[in-house]
Amino acid sequence: MQLALKDARTACLIELRLAAAKLDADAIIGIKFDFNELSTGSGGGILFVAATGTAVRLVPKD
């Protein structure tokens, strides 16, 4: 379970970085992770991880 959480967190950070790059941002601040698990009833489950943050520019670009 810990490895799955780590992998999901890493994937979220990669997606945040890609989204911030599209906005020409220099950094992401205030990152928050939300974790949820959905039981499938067969002894397994699905892990949902969402990350949010604010893309910022550190120096105004002309």
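Residues numbered from 1 in each chain as written. Predicted model: local features only at pLDDT ≥ 70, side-chain atom pairs only at ≥ 80, totals over all residues. Heavy atoms only, no water.

Comments concerning helix H1 (residues 2–22)
For H1, with 21 residues, the first-to-last C-alpha span of 31 Å sits near the 30 Å given by 1.5 Å per residue. Those residues of H1 lying buried are Ala8, Cys12, Leu13, Leu16 and Ala20. Along the axis of H1, the buried positions cluster into a sector of 140°, meaning they face one direction only. Opposite the buried face of H1, by more than 90 degrees, sit the exposed residues Leu3, Glu15, Arg17, Ala21 and Lys22. Packed against the buried residues of H1 are strand E1 (27–39) and strand E2 (45–56). Within two residues after H1, Asp24 carries a phi angle of roughly 60°, on the positive side. (Helix = DSSP H or I, 4+ residues; strand = E, 2+ residues; numbered from the N terminus. Expected span 1.5 Å × (residues − 1). Buried < 20%, exposed > 50% of the residue type's maximum accessible area, 1.4 Å probe, protein only. Arc of directions from axis to C-beta. Contact = heavy atoms within 4.5 Å.)

Observations regarding the pairing of E2
Note: E1 against E2, 11 bridges, orientation antiparallel. Bridged to Ala27 within E2 is Val56. Two successive antiparallel strands, E1 and E2, enclose a turn made up of five residues, where Gly41 displays a positive phi of approximately 85°. (Pairing = 2+ DSSP bridges.)

Structural notes on the packing of aromatic side chains
Under the criterion given, the structure shown has one aromatic pair. Plain terms: the ring middles of Phe33 and Phe35 are 6.2 Å apart, the flat faces sit at 20° to each other, and that makes the pair stacked. (Phe/Tyr/Trp six-rings, centres within 6.5 Å; stacked < 30°, edge-to-face > 60°.)

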